[in-house]
Amino acid sequence: MPSATAPTLESVAARAGVSRATAGRVLAGSGRVSPAAREAVLRAASELSYVPNQAARSLVTRRSGSVALVVVEPVERFFNDSYFPLVLTGAQARLAEREVQLVLVVLSTARERERFERYARSGHVDGAILVSVHGADPLPQHLTDAGIPVVMSGQPFDASSTVPWVSADNVGGARTATRHLLERGCRQVVTVTGPMDMRVGQDRLEGFRTELRAHRRRFTAGLAAAGDFTVAGGRAAAEELLARFPGLDGVFAANDLMAAGALQALAAAGLAVPGRVRVVGFDDAPLAAAATPPLTTVRQPVVEMGRELARMLLAVIDGEGVPAPVVVPTTLVERATS
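Enquirer: Explain the sheet that holds strand S3 (residues 128-131) to me, using residue names and the numbers behind them.
Expert: Taken in spatial order, the six strands make up an open sheet running S2-S1-S3-S4-S5-S11, and their pairing is parallel. Strands at the two margins of the open sheet, each flanked by one partner only, are strand S2 (101-106) and strand S11 (326-328). The average undirected angle you get between the axes of adjacent strands in this sheet is 20°. Inspection of the sheet shows strand S1 (residues 66-71) paired to S2 by six bridges, in the parallel sense. Residue pairing in the sheet places Val-67 in a bridge with Leu-102 of S2. Each of S1, S2, S3 and strand S4 (150-153) touches helix H6 (residues 83-97); the most contacted strand, S1, lies at about 170° to it.

Enquirer: Can you break down unusual backbone geometry residue by residue, with the values?
Expert: Cis rather than trans, the peptide bond between Val-273 and Pro-274 has omega equal to 10°. Cis geometry marks the peptide bond from Thr-292 to Pro-293; its omega dihedral reads -5°. Position of Pro-293 among the secondary structure elements: in the loop between helix H13 (286-290) and strand S10 (296-299). You will see that Glu-99, though not glycine, has its phi angle at about 55°, which is positive.

Enquirer: Now, about the side chain of Asp-256: what can you tell me, with residues and values included?
Expert: Of note, Asp-256 is situated in helix H12 (residues 256-268). One buried charge, Asp-256, has no salt-bridge partner; the nearest side chain with opposite charge is Arg-335, at 6.2 Å. Of note is the side chain of Asp-256, whose polar atom sits 2.9 Å from the backbone nitrogen of Phe-282. What Asp-256 contacts, discounting residues up to four positions off in sequence, is Gly-281, Phe-282, Asp-283, Asp-284, Ala-285, Leu-287, Ala-288, Leu-295 and Thr-297.

Enquirer: Can you explain the packing of helix H1 (residues 9-16) against helix H2 (residues 20-27)? Please cite residues and give values.
Expert: Direction vectors running N to C along H1 and H2 enclose 105°, while the axes themselves pass 8 Å from each other. Regarding the angle of H1 to H2, the classification is roughly perpendicular. Judged by residue contacts, Leu-9, Glu-10 and Ala-13 of H1 engage Arg-20, Ala-23, Gly-24 and Leu-27 from H2. Of the residues belonging to the contact of H1 with H2, the class tally is four nonpolar, one polar and two charged.

Rules used throughout
Residues numbered from 1 in each chain as written. Predicted model: local features only at pLDDT ≥ 70, side-chain atom pairs only at ≥ 80, totals over all residues. Heavy atoms only, no water. Pairing = 2+ DSSP bridges. Helix = DSSP H or I, 4+ residues; strand = E, 2+ residues; numbered from the N terminus. Axes fitted to C-alpha atoms, helices over the stretch in contact; angles between N-to-C directions. Contact = heavy atoms within 4.5 Å. Buried < 20%, exposed > 50% of the residue type's maximum accessible area, 1.4 Å probe, protein only. Lys, Arg positive; Asp, Glu negative; His and termini not counted. Salt bridge = Lys/Arg side-chain N within 4 Å of Asp/Glu carboxyl O. Polar contact = N/O pair within 3.5 Å; in protein donor to acceptor, adjacent residues only side chain to side chain. Parallel < 35°, antiparallel > 145°, perpendicular 65-115°, else oblique. Nonpolar A, V, L, I, M, F, W, Y, C, P; charged D, E, K, R; others polar.

As structure tokens, then:
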């Protein structure tokens with residue numbers, strides 16, 4: 001049992017000059033209190049060294065105080081692609097403001113998926129941010145059907161999905177990249193696409209195709225080779241494109257890892273960048289500035305997108321309704337490859 005001198009919720013409320021219910025809402029992380037009341041309660045709790053009992057609070061609020069960030073990829077992809085840690089960084093920063101714990105989950109196998117679904121349905125998390133969902137994956141619907149709030153990084157593959165999402169302007173960013181290559185004088189421009197079972201892959205290909213047509217250039221399927229957002233996938237796709245078009249002089253890769261693979265393929269073929277071939281990536285990942293030569297790329301604000309995903313999920317958890325999808329703008333970062 002707590003000692004007689006241990007601070008209680010009632011003592012925090014009294015010191016802050018608010019009701020017990022208001023103090024409880026503040027310490028439970030609810031947004032439904034005035035800023036002045038929140039500040040008074042947090043100050044009182046700090047002065048009294050009050051530590052809420054999480055188990056008791058969970059019984060009252062029916063919340064765990066945790067949310068999951070779920071990456072639906074093999075573990076090695078998580079560690080090799082900076083996109084995922086950057087989303088995590090943004091989400092963690094926003095959740096920390098509400099003192100909500102972030103639980104990282106990487107799902108590589110069917111068994112891991114089943115285990116996570118059981119874990120989530122058992123009330124261990126109040127919601128989930130899903131990242132890198134492919135195709136008609138049933139996970140978002142399974143969680144939603146179980147009453148678990150869900151938001152997604154990237155537009156759902158299924159156009160009928162009602163899950164809220166945050167995405168970069170993938171079509172617009174791809175158009176910007178392609179336009180840059182054409183305006184630099186490239187006559188034979190090709191693209192290394194992302195996975196076609198993801199809207200991000202489809203949209204960046206659509207942007208490439210649309211910009212070619214805007215410049216009265218004919219698009220054919222042969223101008224695109226499928227990649228998988230990895231360096232190895234980008235190199236293999238670039239080698240395939242070089243075999244088809246030995247005279248190609250412009251490459252748009254749908255992410256920076258694949259652009260790095262394309263640079264490897266071009267170097268192996270003895271083709272100078274940017275003297276002989278110009279290359280543009282997408283993401284502005286940390287490796288872009290460190291590439292040889294430094295990579296021109298389309299920047300998407302991934303950390304900010306992570307913050308927005310967390311904000312959106314907290315709004316759903318707080319019962320504020322289903323947020324509208326958010327599309328964030330992209331910008332071209334010019335470096336040495338173009």
